[in-house]
Amino acid sequence: MANKKAKGKYHIVMMCCGYVESAMTSWIIYTSADGRDVFKTKIDAVKALAFDMYNKYVDETDPSTTMRCDSCKKESSGQFCSKCGTKLSLDKQTLDREQFADWIMSLHSSCCDSYGDSEYANGTRLTFWPWRAEEIVGAKENEVVLIPENAGFVLADALYDQKPELMDEETRLELEHCLNNDDGLHKTDWQRMKLADE
Ligand SMILES: [Zn+2]
């Protein structure tokens, strides 16, 4: 498998949101802008897309964020802790997993106008574009990453891997529980994807 992994030239991510009855009937297809970036592993490609999506999300929405209070360690939002009144530091903002996943799912019905800028977001140049689906035609297996379901959560978890500070304590415990569950059935799609890509 190590040999196969080294040959990866992933630059296309096809993804679908929802699970079973809620699964979307369409695919969202992102390709590396101008073929600029190619990734050796599926995991690296998904991480790069997750980082793009995070920057789009911050730019396009006004995400309701909570922060962990330095003083009492409880989650709170706004400028001051609602439990103890301590001033909250904005760099302690976390990302709500469900809200982020819902926003990804909403892209299934977005249009050019509502999507907004596809080159830059949140002060960064984006790696992936949603407007070059023609590249999928004739693409080889080692160029395409498929996320068949729950893409919103896969991207949220791929983002947490790069920016663990965005994860609140409850989510951290939940994902840790999923990973360590012995029967293997409770692992998240991202955790299973990483195990398969090793
Ligand atoms: Zn507090």
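Engineer: Is there a simple way to think about the overall build of the protein in this case?
Structural biologist: For the protein, the helix and strand inventory stands at 7 helices and 8 strands. Against the globule reference of 16 Å for 198 residues, the protein gives a C-alpha radius of gyration of 18 Å, in line with a compact fold. Its C-alpha atoms give the protein principal-axis dimensions of about 60 × 45 × 35 Å. Looking at the protein alone, contacts between residues at least 24 apart form 68% of all its contacts between residues at least 6 apart.

Engineer: Sorry if this is basic, but what is going on with the packing of helix H3 (residues 97-106) against helix H5 (residues 151-162) here?
Structural biologist: Packed helices, taken two at a time, are described by their axes: the angle between them and the distance between them. Interaxial distance between H3 and H5 falls to 8 Å at its minimum, and their mutual angle equals 130 degrees. Compared by their axis directions, H3 and H5 come out oblique. Relative to H5, the crossing made by H3 is right-handed. Residue-level contacts link Arg97, Phe100, Ala101, Asp102, Ile104 and Met105 of H3 to Ala151, Gly152, Phe153, Leu155 and Ala156 of H5.

Engineer: Can you help me understand the environment of Ala50 in this one?
Structural biologist: With respect to the element layout, Ala50 can be found in helix H2 (residues 42-60). Placed 39 residues apart in sequence, Ala50 and Ser89 show a C-alpha to C-alpha distance of 24 Å. Here Ala50 is in contact with Leu155, Ala158 and Leu159, once residues within four sequence places are set aside.

So, how was this worked out
- Residues numbered from 1 in each chain as written.
- Predicted model: local features only at pLDDT ≥ 70, side-chain atom pairs only at ≥ 80, totals over all residues.
- Helix = DSSP H or I, 4+ residues; strand = E, 2+ residues; numbered from the N terminus.
- Rg over C-alpha atoms; globule rule 2.2 N^0.38 Å.
- Contact = placed C-beta atoms within 7 Å.
- Axes fitted to C-alpha atoms, helices over the stretch in contact; angles between N-to-C directions.
- Parallel < 35°, antiparallel > 145°, perpendicular 65-115°, else oblique.
- Left-handed = near helix turned anticlockwise from the far one by under 90°.

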